[in-house]
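# Observations on the model geometry
Single-letter residue listing:
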Amino acid sequence: MYSVFRDLAIIILSAKFFALVARKCKAPQVVGEIIAGLLIGPCLFNLVQSNDTISVFAEIGVVLLMFTTGLGTNLKELLRAGPIATLIACVGVAVPLAGGTLLYSLFYGFAAVGTVEFYRALFIGTIMTATSVSITVATLQELGHLKSFLGTTIVSAAVIDDVIGIVVLTCVIGASSGEGTGLGQVLLNTVLFFVVAIVVGIVIHYAMQWLDKRNPHTQRITIVSLAFCFAMAYVAEQYFGIADITGAYIAGIVLCTMEDASYVERRVDISNYVIFAPVFFASIGLKTDISGLTPDILLFCVCFVIVALVTKIVGCGLAAKICRFNWGDSFKVGVGMMTRGEVALIVAQKGLEVGVVDPVYFTAVILLIVVSSVATPLVLKNLFVKMPPQPHPNQIQA
C-alpha cells in the first residue's frame, strides 16, 4: 500500500527534472514529463508500474487541466469570433478527422461502420483534430502580430476548434463504448447534457457572481469552483455517458466570466501542476509500449505525423481562403493551427480507456507534439518575415 508514496515521489521528481530539461531545449514541458514516464516505467528502468492509484491521480490531473482551460477562455472573444473563426475551426476538425480515419484504414484495412476496427480508425482521426495554440500565441506575440486581425482569427479558431473537438470526442467515445448505444442516442445524450449544462450553468453563474462579490479572493471561491468542476465531471460521465473532461471543461466555461476566474485558475494550477498534471503526463509514458514497435508501426507513426500536420494546414488554410484571406495569410492560419499538445494526449488517453487505442500508438502522438512544437515557430517566423500580413476585406470596410 505504502509503495504508492515511493512511486509518486519518483514520478514527480523525474517529471519535473525532465520538464526543465525540455524547456531548456525549447520544447514543451509536457514532452519532458512524458519522457520521464518512459524512462522510469516498464519501457526502460521499470522503477514504477501503472496502478489504480496512479490512474486516479492522473484522471484528477486531466479533469483539472480541462477545467483550467475552460477558466482561461475569453468568452466574449469566443462569441465575437463570428463565422470566419467558426468556419476555419469546423473545416480544421473535419479534414484531419477524415485524414486520420483514412490513414488507419489504408494501413489496417477498411472496416464496416459500427465495428471495433471502424472506431479504432475514427479515433485516430479524432486524435488529429486537437489543436494546441499556446506555442503559436507565444510566437505571434514575439512577432507583434498577436492582436492583429490574423492573430485574433487564429487564436479564436483554435478555441472553437477545442470545443468542437471535445464534442467529437464525446460522440465517438459514446458510440464506441460497446454498450449497445447507437450514434443517435449518443447525439441525443450529448444535446441533453449541453441543455442541462446551460440551465445549471446560468444558475451557478449568478450564484458564483454573488459569492464572488461577497468573498473576493478567498479560498471558499476556489473550493466551491472545484466542487462544481468535479460535480459536472461526475454528472457528465454518470448520467449522460459523456467524457468527464467535457463536464470539467463546461464548468470552466461557466465560471470564466467571474471576476475571480484568473485567481481560481492560478490556485488550481498551483496544486495541479505540482502533483496531478505531472502524474498524468508521466502516466502516458508509463502506459506507452515501445516494445511492440515494429517497422510497420514506425512507418505508421511517421505517416501519422505527416497526415496530422498536412490535413490541419490544408483544412484551415482552405477555409481561410474561402473567408477571403490571401494565399499567404491563409497558409499562416494553417501553420498556426497545426500545433498539438495536451488535448491530443487527453484524447489518446480516453481512447486507451475505452479500448479503441493501443498503447503503442502513443509514440505517434508524442512524436506529433514534438515535431509540431518545433516546426510551428520556425515556419511562422519565416513566413512573417517574407510575407507580412495583408489587411482582410472586413478590416478595410471597418
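Given the structure is predicted, the values throughout are model-derived calculations rather than measurements. (Residues numbered from 1 in each chain as written. Predicted model: local features only at pLDDT ≥ 70, side-chain atom pairs only at ≥ 80, totals over all residues. Heavy atoms only, no water.)

### What about the environment of Pro-96?
Mapped onto the elements, Pro-96 comes out in helix 5 (residues 82-108). By relative accessible area, Pro-96 is classed as buried at 0%. When residues no more than four places from it in sequence are discounted, the contact partners of Pro-96 are Val-91, Gly-125, Met-128, Thr-129, Thr-311 and Lys-312. (Helix = DSSP H or I, 4+ residues; strand = E, 2+ residues; numbered from the N terminus. Buried < 20%, exposed > 50% of the residue type's maximum accessible area, 1.4 Å probe, protein only. Contact = heavy atoms within 4.5 Å.)

### Examining the confidence of the model for the protein chain
With 93% of its residues at a pLDDT of 70 or more, the protein chain shows a mean pLDDT of 84. Ranking the elements of the protein chain by mean pLDDT puts helix 17 (residues 393-397) last with 59 and helix 13 (residues 295-322) first with 94. (pLDDT = per-residue confidence, 0-100.)

### Here's the deal with the environment of Val-385
As for its position among the elements, Val-385 is in helix 16 (residues 362-386). The exposure class of Val-385 is exposed, given its relative accessible area of 65%. Sequence separation between Val-385 and Leu-143 is 242 residues; the distance between their C-alpha atoms is 9.2 Å.

### What about the pattern of salt bridges?
Scanning the entire structure with this criterion turns up seven salt bridges. Here Glu-117 ties to Arg-120 by a salt bridge, and the two come within 3.4 Å at their closest N and O atoms. Note that Glu-117 and Arg-120 are positioned in helix 6 (residues 116-129) at a spacing of three residues, about one turn of the helix. With relative accessibility at 23%, the residue Arg-120 sits in the partly exposed group. Between Asp-329 and Lys-332 there is a salt bridge, and its shortest N-O distance comes to 3.2 Å. Here Asp-329 and its partner Lys-332 are both found in helix 14 (residues 327-336), three residues apart, which amounts to about one turn of the helix. A relative accessible area of 2% means that Asp-329 is categorised as buried. Assessed through its relative accessible area of 0%, Lys-332 is described here as buried. Through salt bridges that share partners, Glu-59, Asp-244, Lys-350 and Glu-353 make up one connected network. (Salt bridge = Lys/Arg side-chain N within 4 Å of Asp/Glu carboxyl O.)

### Notes on helix 13
When the terminal C-alpha atoms of helix 13 are compared, their 40 Å separation across 28 residues agrees well with the 40 Å that a helix rising 1.5 Å per residue should span. Where helix 13 ends, the next residue or the one after it, Arg-324, has phi of about 75°, a positive value. (Expected span 1.5 Å × (residues − 1).)

### Considerations on a nonpolar patch on the surface
Where nonpolar side chains cluster on the molecular surface, the patch consists of Val-302, Ile-306, Val-310, Val-314, Leu-318, Trp-327, Leu-367 and Val-371 and spans about 690 Å² of accessible area. When residues of the nonpolar patch are traced back to their parent elements, those giving at least two are helix 13 and helix 16. For the nonpolar patch, the element with the highest residue contribution is helix 13, accounting for five residues. Structurally, the position occupied by Val-302 is in helix 13. (Patch = residues over 30% accessible without salt bridge, like charges linked within 9 Å, V, L, I, M, F, W, Y side chains within 5 Å. Areas by Shrake-Rupley, 256 points an atom, 1.4 Å probe, with all protein chains shown as cover.)

### Quick word on the packing of aromatic side chains
Under the defined criterion, the tally for this structure stands at 15 aromatic pairs. With a centroid separation of 6.4 Å and 75° between ring planes, the pair formed by Tyr-108 and Tyr-361 is classed as edge-to-face. Linking Tyr-108 in helix 5 with Tyr-361 in the loop between helix 15 (342-353) and helix 16, this pair joins segments that are 253 residues apart in sequence. A residue is classified by how much of its surface remains accessible, and Tyr-108, at 33% relative accessible area, is partly exposed. Among the residues examined, Tyr-361 registers a relative accessible area of 11% and is labelled buried. Seen in terms of ring centroids, Phe-118 and Tyr-119 are 5.4 Å apart; in terms of plane orientation they differ by 70°. Their pairing is edge-to-face. The two residues Phe-118 and Tyr-119 agree in class, both being buried. An aromatic cluster of three or more residues is present, and its members are Tyr-104, Phe-107, Tyr-108, Phe-300, Phe-304 and Tyr-361. (Phe/Tyr/Trp six-rings, centres within 6.5 Å; stacked < 30°, edge-to-face > 60°.)

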